[in-house]
Amino acid sequence: MSRLLPTLVVAISLGVAAMAGAGVAAAHATRIATDPVADAELTQSPQKVSATFNEKLQTQFAAMTVVGPDGNLWSTGDPQLNGAIISVGVRPLGPTGTYTVNYRVTSADGHVVSGSWAFRLTVAGTGTPGPSASAANPSSDGVPVWPFFVAAGVIVVVAAVWAVRRQR
C-alpha cells in the first residue's frame, strides 16, 4: 500500500496536467465578414443576415438566429449554407435597439464553432416578432463537459491501481 499512494498521486497529476495543458486547435473556421457588419446602425430591416468564414463549412449542426432587444426571435426559416457562408432570413424588424446574430457552424475539420455579433436598429419598424428566444431554444447550452472530466479522472485512477497491482 505504501507504494500505491505515490503511484496514484503521480498518475492523477499526469492526467490532470494532460487535460489542463490541452490547447485550442488553430485549424477551425474563422469568421472573416458579416452582413450587416458588426455594430452597424441600420434605419431599416435587412432581409437576411450572413457570416462568411475562411473555409467551406459542413452542413451538420448549422444554426443561426437573430434575437431582438425584446428577447424575441426575428430570424425566420432555416439557415442556408453556401460554401463558406451561412445566412438566415430576417422578419421585418420592430423595436429600436440592439439585435444579436448568433451562429453555430461546423468547420471543415469537423469542429463546431459558435459566436455572435450585433447590429443596431435606429428607426422602429412595424414587424411582428417570432417566439421568445429562450422558449425557442431551451437547451442551447448543449452537453455539460464536467462528466467527461470526471470519467477521465476515474479512468486514470483505475489504470494506476491496475498497473500497481500488476507489478506485484
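Structure: see above.
Overview of the structure. (Residues numbered from 1 in each chain as written. Predicted model: local features only at pLDDT ≥ 70, side-chain atom pairs only at ≥ 80, totals over all residues. Heavy atoms only, no water.)

A word on the overall build of the protein chain. Secondary structure assignment for the protein chain yields three helices and eight strands. Seen in sequence order, the protein chain has helices and strands lined up from the N terminus as α-β-β-β-β-β-β-β-β-α-α. Across the 168 residues that make up the protein chain, the buried fraction comes to 29%. Long-range pairs, those at least 24 residues apart, make up 65% of the contacts in the protein chain with a sequence separation of at least 6. Of the roughly 10,400 Å² that the protein chain leaves accessible, carbon and sulfur atoms contribute 59%. (Helix = DSSP H or I, 4+ residues; strand = E, 2+ residues; numbered from the N terminus. Buried < 20%, exposed > 50% of the residue type's maximum accessible area, 1.4 Å probe, protein only. Contact = heavy atoms within 4.5 Å. Areas by Shrake-Rupley, 256 points an atom, 1.4 Å probe, with all protein chains shown as cover.)

Moving on: the sheet that holds strand 4 (residues 58–67). Strand order across the open sheet formed by four strands is 2-8-7-4, with mixed pairing between neighbours. Since the sheet does not close on itself, it has two edges, and those belong to strand 2 (41–42) and strand 4, each with one partner. Pairing geometry for strand 7 (residues 97–106) and strand 8 (residues 112–121), over 10 bridges, is antiparallel. Residue pairing in the sheet places threonine 106 in a bridge with valine 112 of strand 8. (Pairing = 2+ DSSP bridges.)

Moving on, we get to the pairing of strand 6 (residues 85–90). Examined bridge by bridge, strand 3 (residues 48–53) and strand 6 share five bridges and lie antiparallel to one another. Residue pairing across strands places threonine 52 opposite isoleucine 85, the latter belonging to strand 6. Where strand 5 (residues 75–82) lies against strand 6, five bridges are found, and the strand directions are antiparallel. Residue pairing for strand 6: glutamine 80 is matched across the bridge by serine 87. Where strand 5 folds back onto strand 6 in an antiparallel hairpin, the turn is made up of two residues, including glycine 83, whose phi is positive at roughly 70°.

Strands in a sheet are paired, the pairing made by backbone hydrogen bonds, and the direction either parallel or antiparallel. Judged by pairing direction, the sheet is antiparallel, and its four strands sit side by side in the order 1-3-6-5 without closing on themselves. Two strands in the sheet have a free side with no partner beyond their single neighbour: strand 1 (31–35) and strand 5. Strand-to-strand twist across the sheet, computed as the mean angle between neighbouring axes with direction ignored, equals 15°. (Axes fitted to C-alpha atoms, helices over the stretch in contact; angles between N-to-C directions.)

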